[in-house]
Amino acid sequence: MTTAIDDLLSVETLTGMIQTFADQAENRSCSALFSRAARPLYPEGDSASWDEVVFSRHLAPVSGPDSPHTRAKRLGRSKRSSSMAMVKVYKDLPSSHLFLQRAPGSNMADAEAVLTAELEDLANLIANTKEFLACGALLGKIEVSPQTVPGSDINFTVDFGNNKADAQQAWNDPAAEIRSKEMLRIKQLFKDQSGMRAAIGITEPTVEGYLVQNVEIREFAKQPLGAVILRNLNLSGVNPQWEILAGLSWQFTDGTYKPENADVQRYFPNDHVVVLPGENRLPQVLGWAEGKVHVPAGPLAAGAQSALSLIQELRGTYAYAEVRTDPVGIRVYAGWYGLPVVLNPNAVLTYRVVPQAVTPAP
């Protein structure tokens with residue numbers, strides 16, 4: 001048992017478990033998209049830096065056989081940087097909690113199972129914050145404060161400047177021409193702004209309801225194979241049936257979190273659609289920065305000559321444990337250091353499907 005616990009408390013094991021437990025795509029679609037398709041960024045310092053690149057979209061001039069080449073402008077670059085989010089939490093696990101209490105789902109004490117369950121809970125807390133940050137990036141702005149992320153002790157905002165547009169016909173009106181006009185408008189807006197083809201639409205269950213209740217779409221669903229669109233959607237990812245609708249691959253996210261002593265919150269706001277190019281183009285559009293972190297790598301006491309061996313460098317996610325003596329037990333630390341980044345704001349469109357009413361001036 002001692003050897004097993006020692007192995008379980010190693011930095012490599014704890015970090016690996018945190019990374020595994022954090023993968024819950026069914027509740028965290030935005031961060032899953034970044035992890036799967038974004039370009040990895042590896043900052044060397046304490047901030048993430050990236051280049052916003054503007055590609056030329058005009059025509060190359062036509063010249064005669066004896067004319068000199070026409071000079072083309074170099075790519076436009078805008079240097080951006082931001083502090084990264086340091087997410088770090090810990091739990092104190094007294095020996096009585098580890099060795100005397102029965103493990104979840106068991107009638108017997110099991111220190112390894114207790115530790116694993118507590119570590120999974122830490123991983124879920126970290127993954128919740130990563131999803132909050134990723135959804136904010138897709139929507140154009142990350143805002144961290146004690147109000148938006150309770151318990152935080154810093155304030156920072158990253159405004160990526162993503163494109164935004166409002167629907168011309170409110171989608172909550174069943175008579176809105178969503179398929180024949182609104183979808184075409186979305187694709188044209190996206191193409192005009194980015195030069196890329198719109199391929200992915202990310203939204204939430206409220207918009208699903210608008211689509212299912214829409215008269216035009218219901219008429220479309222009467223066509224052969226169209227009825228499958230009106231079935232319940234798979235909220236964890238892509239629904240191939242919806243690719244028929246204006247050529248967009250629709251992803252629906254219903255992820256939620258619940259602050260302590262507060263109501264349930266959704267990561268993704270109602271009445272919004274985020275439009276992106278295909279996944280093969282996403283490394284040009286999205287970035288996933290993970291910074292360097294340092295964790296203990298050996299005994300807490302050692303000679304000065306071996307001081308450097310006491311610290312291990314990791315990147316992004318980490319977890320480690322230390323022995324506590326009063327009361328006897330262990331403290332488990334876990335964290336993540338990074339930032340989701342929008343590399344090309346012109347290729348991310350936030351489309352509000354129910355425009356806000358304008359209050360007339362007094």
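For the structure, check the block above.
Residues numbered from 1 in each chain as written. Predicted model: local features only at pLDDT ≥ 70, side-chain atom pairs only at ≥ 80, totals over all residues. Heavy atoms only, no water.

Chemist: Account for the overall build of the protein, naming residues and giving values.
Modeler: Counting its secondary structure elements, the protein contains eight helices and 18 strands. Counting every position in the protein, which comprises 362 residues, the buried fraction comes to 43%. Within the protein, contacts between residues separated by at least 24 positions form 72% of all contacts whose residues are at least 6 apart in sequence. Within the structure as shown, the protein displays about 19,600 Å² of accessible surface, and the carbon and sulfur contribution to it stands at 51%. (Helix = DSSP H or I, 4+ residues; strand = E, 2+ residues; numbered from the N terminus. Buried < 20%, exposed > 50% of the residue type's maximum accessible area, 1.4 Å probe, protein only. Contact = heavy atoms within 4.5 Å. Areas by Shrake-Rupley, 256 points an atom, 1.4 Å probe, with all protein chains shown as cover.)

Chemist: Could you give me a rundown of the packing of aromatic side chains, with the residues and numbers involved?
Modeler: A complete count under the given rule lists nine aromatic pairs for this structure. On the numbers, 4.8 Å between centres and 20° between planes, the contact of Tyr320 with Tyr333 is stacked. In this pair, Tyr320 sits in strand 16 (residues 317-325) while Tyr333 sits in strand 17 (residues 328-342), placing the two residues 13 residues apart along the sequence. The pair Tyr320 / Tyr333 is uniform in exposure class, with both members buried. Of the aromatic side chains, those joined through ring pairs into one cluster are Tyr90, Tyr318, Tyr320 and Tyr333. (Phe/Tyr/Trp six-rings, centres within 6.5 Å; stacked < 30°, edge-to-face > 60°.)

Chemist: Which residues make up the nonpolar core, and what values go with them?
Modeler: By size, the foremost hydrophobic cluster in this structure holds 91 residues, and its most contacted members are Leu138, Ile142, Trp171, Leu276, Leu286 and Tyr351. With 13 residues, helix 5 (residues 111-139) is the largest single contributor of residues to this core. (Core = buried A, V, L, I, M, F, W, Y, C linked by side-chain atoms within 4.5 Å.)

Chemist: Go over the pattern of salt bridges with me, naming the residues and quoting the values.
Modeler: The final tally for this structure, using the stated rule, is eleven salt bridges. Across the salt bridge formed by Arg36 and Glu279, the nearest N and O atoms sit 2.8 Å from each other. With Arg36 in helix 3 (residues 29-37) and Glu279 in the loop between strand 12 (272-276) and strand 13 (286-290), this residue pair connects regions lying 243 residues apart in the sequence. What makes Arg36 partly exposed here is its relative accessible area of 48%. A salt bridge links Glu322 to Arg324; its shortest N-O distance comes to 3.3 Å. Within this structure, Glu44, Lys292, Glu313 and Arg315 form a network of salt bridges that share partners. (Salt bridge = Lys/Arg side-chain N within 4 Å of Asp/Glu carboxyl O.)

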